[in-house]
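Here is what each chain is made of, one letter per residue.
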Amino acid sequence: MKLIDSIDKWLDDTGEKLGKKTIRYNPDLIGAVLMFGLSVAFLLMMPSQIKLTETSTINARTFPRLVFMIVLVLSVLLFFKEIAKIVLKKGSASRELNLLVEVRALIIFVFIAMYYLLLEPIGFIASSIVFGICMTAYFRVRKWYYYAIVAACAIAVGLVFQYVLHVRLP
Amino acid sequence: MDVVIEGIRNLFHISNFIYMNIGLLLGMIFGAIPGLTVMLCIVLFLPFTYTMGPIPSFMFLLGIYCAGSYGGSISAILIKTPGTPHAAATMLDGYPMTQMGKSKKAMKIALYASTFGGLFSALVLLFFAPQVSKFARMMGTPEYFLICALGLTIIAGVSGKSLIKGVISGCIGLFIASIGVDPMTGGTRFIFNNINFYSGFDITICLIGLFALSEILMKSKRESIVKVSMDEVSKEDDSLSKSEYKRMAPPAILSAIIGVIVGIIPGTGASEASFFSYNAARSISKHRDEFGKGNIEGIAAAETANNAVTGATLIPLLTLGIPGDACVAILLGALMINGLTPGPNLFTTHGVTMYAIIIGLVFINIFMFLQGKYLTKLFAKIINIPISILTPVIAIFCFAGAFSVNTSVFDVGVSVFFAFMAYVLIKLDFPTVPILIGLVLGKTTEENFRRSLIISDGSWSIFASSPICIGFIILIIAALVFIFYSKMKEMKTESDN
């Protein structure tokens, strides 16, 4: 119990420190650059990824090309709109990332990724139990029966899909 | 008339009513628990409908959709936390009633109003949808493309803070929908020599990632929950007097009409309807100063409106194939999974199924009333389920659901990827709902776009070749102007503050 208390205290202290740390960023500028890059990349990839079998000008590339051209134009527009805001000092779309929130999301994402990677090697029910227990521990639950409920739910979901819906789970 | 009778006959199977009630139960539970959404519930249980057939699967999903709107009011009234955003207006007068020791009465009003709103909109759907469908039958491929463009524009415009970002998100959805085999030529697109990409991405798999798994990432915070003591609630008197019924009637009727009108317009939804109605009810009330302090008219107005939206949103969906909001977009996906292509011909090719679904909606509201009347105690207790239990169970459901679509572990990976993508996009202020609309409308939009251009030999003038086309172009321009104007107004208010 003392060990759990000291871990809890360490987690609280670390959380408090992380909670104070923030990163400022401009979502419009980053978003515009990201979308511009993606649209250019996909437009360049198009000839190799969509092979034409017909000679018509209206073909399998027409629609995706139109879509990427729209994204390209709009991302340029978004970029310059934001630059203009910064230059004219009209209040740019600046945001703050709280490190604690992001670390928490990252931990959950790691759990989800682990769950996915364990699906095939150990099977659905076992990986679900492991994931469920990790997630319950993440919420720092001390009541043992919470862990039992989550594990029971994992087994129940597995059995329902396998025997009621006839899905052959891994 | 024969189609209607045949529809009723198809509806009256015990399995339809069982699925309807299971859907209602799930919808109320997900609606009542703050943090869980109706959309999450529909996404999680969508894989269950794959083997059901169109009528039972729609009874199940519509049950979730309708009950979710009502369920949100339970937590809004009891713990001042709306289970769904639609119930935010209900909270304004619902929670003060709880503070006065009248929570049971507030929940009763919410239930009666929700049922009235739901029934009203179901009847509007029953009588109006076939008429709109007759008009829709006059449309060809260019008109159809413009309708899709209109739906995408409105939803992209109203989903986030920026119209540009909304349209980019819609384009991402359209692109994702185009991956895989091209239905018109049989060639492959963006499959990167990976056989798993060959048939494209299943809507359900994308939805699980975009809206269910990403929710888990967004809700990484350990939230404390407010406990509800049902012992105190049980002792309360919930009877409504004749004068109270009389007081509730005018705002309820007005809100039902507002809810239906708002529901028909794509991009607007139950939240807008409930606030519009709340304000309208206040302006016609003789007890204006009681609003916000536990006025029964306020609860009646908000709850009637948010349930009156449910049937109305199905009018553009079933007749034109345009989803009014994100939940209905998933229903559109469910229709497609069952081989029903929403749009002008749906009532001619699948009239029996359509009438069975529409009449089923009337019964859904009746059963919602019965479940609400007898199971409210249970739903109030469910609010107490800790998030530490719910979160892992939802993730497990997501994995099982994603796997079950094609019994493929690769699909689970796709869902995880979409969850990550949604998380990054949300952090960059890109709304995810237009992605969903793009995904759902992608194939129809592209097909009609290409067919139109093939007919016109590549000339874009085909998109302005008929009065209906011109009408839709005017609507798109009007929508853009309106969205642009409201965004500018929003920005001005923000900078003033």
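Here the structure is a predicted model, which is why all the values come from computation and not from measurement.

Undergrad: How do you make sense of the packing of aromatic side chains when you look at a structure like this?
TA: Tallied over the entire structure, the rule returns 39 aromatic pairs over all chains. Aromatic pair B:Phe145 and B:Phe449: ring centres 5.1 Å apart, planes at 45°, arrangement tilted. Here the residue B:Phe145 occupies a position in helix H7 (residues 141-159), and B:Phe449 occupies one in helix H20 (residues 433-455), the gap between them amounting to 304 residues. Of the two residues examined, B:Phe145 and B:Phe449, each falls in the buried class. Between B:Phe417 and B:Phe418, the aromatic rings sit 6.0 Å apart at their centres with planes inclined by 80°, giving edge-to-face as the arrangement. Residue B:Phe417 is classed as partly exposed on the basis of its relative accessible area, which comes to 48%. Joined through ring pairs, the aromatic side chains of A:Phe161, B:Phe30, B:Phe45, B:Phe48, B:Phe60 and B:Phe397 make up one cluster. Cation over ring: B:Lys165 sits above B:Phe430, and NZ or CZ is 5.1 Å from the ring centre.

Undergrad: Just checking my understanding: could you explain the interface of chain A and chain B for this structure?
TA: A common measure of how large an interface is: the accessible area buried when the components associate. Taken together, the contacts link 68 residues of chain A with 62 residues of chain B. Carbon and sulfur atoms supply 79% of the area buried between chain A and chain B, which totals about 5,700 Å² over both sides. Contact with chain B buries surface across chain A, with A:Ile58, A:Phe63 and A:Phe139 losing the most and accounting together for 13% of the total. Counting across the interface, chain A meets chain B through three salt bridges. Here A:Glu102 and B:Lys427 are joined by a salt bridge, their closest N and O atoms 2.8 Å apart. Taken together, the connections running from chain A to chain B amount to 10 residue pairs in polar contact (both at pLDDT 80 or more).

Undergrad: What is the right way to look at the packing of helix H4 (residues 54-79) of chain B against helix H13 (residues 296-312) of chain B in this model?
TA: Two quantities define a packed helix pair, namely the angle between the axes and the distance from one axis to the other. All names here are of chain B. Direction vectors running N to C along H4 and H13 enclose 165°, while the axes themselves pass 9 Å from each other. Overall, the two elements H4 and H13 adopt an arrangement that is roughly antiparallel. Here the hand of the crossing between H4 and H13 comes out right-handed. Contacts between H4 and H13 involve Tyr-65, Cys-66, Ser-69, Tyr-70 and Ser-73 on the former and, on the latter, Glu-303, Asn-306, Asn-307 and Thr-310. Here the contact of H4 with H13 is built from residues that sort into three nonpolar, five polar and one charged.

Undergrad: Explanation requested: the domain arrangement of chain A in the structure shown.
TA: For chain A, the domain assignment lists domain 1 (1-24 + 98-170) and domain 2 (27-93). Distance between the C-alpha centres of domain 1 of chain A and domain 2 of chain A: 38 Å.

Undergrad: Even after reading the chapter, I still don't get the packing of helix H2 (residues 14-32) of chain B against helix H17 (residues 351-382) of chain B, so can you show me in this structure?
TA: All names here are of chain B. It is at 9 Å that the axes of H2 and H17 come closest, and there the two elements cross at 45°. The pairing of H2 with H17 is recorded here as oblique in orientation. Helix-helix and strand crossings are classified by hand; for H2 and H17 the assignment is right-handed. Between H2 and H17, the residues in contact are Phe-17, Met-20, Asn-21, Leu-24, Leu-25, Met-28, Ile-29 and Ala-32 and Gly-360, Phe-363, Ile-364, Phe-367, Met-368, Gln-371, Gly-372, Leu-375, Phe-379 and Ile-382, respectively.

Undergrad: Any chance you could explain the pattern of salt bridges here in plain terms?
TA: Pairs can form between side chains of opposite charge whenever their charged atoms are close. Residues and elements named next belong to chain B. Applying the stated criterion across every chain, the model contains 14 salt bridges over all chains. Note that Glu-446 and Arg-189 form a salt bridge whose closest N and O atoms lie 2.6 Å from each other. Taken together, the positions of Glu-446 in helix H20 and Arg-189 in strand E2 (residues 188-189) put the pair 257 residues apart, joining distant regions of the chain. The residues Glu-446 and Arg-189 share a single accessibility class, namely buried. With a shortest N-O distance of 2.8 Å, Glu-446 and Arg-450 are connected by a salt bridge. With Glu-446 and Arg-450 both in helix H20 and four residues apart, this pair spans about one turn of that helix. Here the residues in one salt-bridge network are Asp-182, Arg-189, Glu-446 and Arg-450, joined through shared partners.

Criteria and thresholds
- Residues numbered from 1 in each chain as written.
- Chains lettered and ligands numbered in written order.
- Predicted model: local features only at pLDDT ≥ 70, side-chain atom pairs only at ≥ 80, totals over all residues.
- Heavy atoms only, no water.
- Phe/Tyr/Trp six-rings, centres within 6.5 Å; stacked < 30°, edge-to-face > 60°.
- Helix = DSSP H or I, 4+ residues; strand = E, 2+ residues; numbered from the N terminus.
- Buried < 20%, exposed > 50% of the residue type's maximum accessible area, 1.4 Å probe, protein only.
- Lys NZ or Arg CZ within 6 Å of the ring centre and 35° of its normal.
- Contact = heavy atoms within 4.5 Å.
- Buried area = accessible area lost by both parts, 1.4 Å probe.
- Salt bridge = Lys/Arg side-chain N within 4 Å of Asp/Glu carboxyl O.
- Polar contact = N/O pair within 3.5 Å; in protein donor to acceptor, adjacent residues only side chain to side chain.
- Axes fitted to C-alpha atoms, helices over the stretch in contact; angles between N-to-C directions.
- Parallel < 35°, antiparallel > 145°, perpendicular 65-115°, else oblique.
- Left-handed = near helix turned anticlockwise from the far one by under 90°.
- Nonpolar A, V, L, I, M, F, W, Y, C, P; charged D, E, K, R; others polar.
- Domains from an automatic or database assignment.

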